Every structure is written in C-alpha cells, then in structure tokens.
Amino acid sequence: MFRPKLPTMPQPTRLTTPPAVIQPTTITPGSSATPVPPQAPIVPMPSRPVVQLTPGAALALVVGGTAVVLVVGAVLVSLLLAVAITGASVAVCAVVLRSLLASEAKRH
C-alpha cells in the first residue's frame, strides 16, 4: 500500500535500422548545354550584425537611460534617507531611556 509503483519501460517491438545516408551528386552539363557563367565572388558576412541608430532611436535610448538613472537614484536616496531616519530615531530613544534610567537611579 505504501510502496510506490514504478512504471515499466516499454520494450521495443521490432529491430530498427539506422537511416540510409544519401550522398549529394553533382550534375555535369553535357556538350549540348549552354556554357555556365562564372559565379560571382562570395562576400563574407560580418560575424556580428551592425547596429545602426536612427536619430529617433538614439533619442529614445538617451531618454530611457536617463529615466533609469533617475529611478535608481531616487530609490537609493530613499533607502539612505530611511537608514538616516531610523538611526536618528534610535539615537533619540537611547537618549530618552538613558535620561529615564538616570533620573530613576537618583531617586533611590
């Protein structure tokens, strides 16, 4: 009941042979065929495509980059401000507790 039932692997039903490899053949023109013109030289393609920026795309890129910088800057400044406010509030609490404990010790 608590043992898992493992599925059995299906057995092959027949023998399979590997597919035959077909070799490409070249056709040579006979004497009655027209002469074949020489092929044009093959120009190698650049390994990486060249990116051409239009003025509109460049402007969009600059505006997008500026927006990202402003958003990241605002997030970092808000985090720094949060840390500063937390530190100041902890310092104020420490001063108040120290004052309360000192006044309590003077009474006894």
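Structure report, in brief. (Residues numbered from 1 in each chain as written. Predicted model: local features only at pLDDT ≥ 70, side-chain atom pairs only at ≥ 80, totals over all residues. Heavy atoms only, no water.)

## Quick notes on the overall build of the protein
Helix and strand counts for the protein come out as 1 helix and 0 strands. Here the protein holds 108 residues, and 0% of them are scored as buried. Counting only carbon and sulfur atoms, one obtains 72% of the accessible surface of the protein, whose full area is about 11,400 Å². (Helix = DSSP H or I, 4+ residues; strand = E, 2+ residues; numbered from the N terminus. Buried < 20%, exposed > 50% of the residue type's maximum accessible area, 1.4 Å probe, protein only. Areas by Shrake-Rupley, 256 points an atom, 1.4 Å probe, with all protein chains shown as cover.)

## Some details on a nonpolar patch on the surface
A surface patch of nonpolar side chains, amounting to about 550 Å² of accessible area, comprises Val68, Val71, Val72, Val75, Leu76 and Leu79. Positionally, valine 71 belongs in helix H1 (residues 55-107). (Patch = residues over 30% accessible without salt bridge, like charges linked within 9 Å, V, L, I, M, F, W, Y side chains within 5 Å. Salt bridge = Lys/Arg side-chain N within 4 Å of Asp/Glu carboxyl O.)

## Details of H1
A rise of 1.5 Å per residue sets the reference length of H1, with its 53 residues, at 78 Å; its end C-alpha atoms lie 78 Å apart and thus fit the reference within 8%. Counted residue by residue, H1 has 0 buried out of 53 residues, so it is predominantly exposed. (Expected span 1.5 Å × (residues − 1).)

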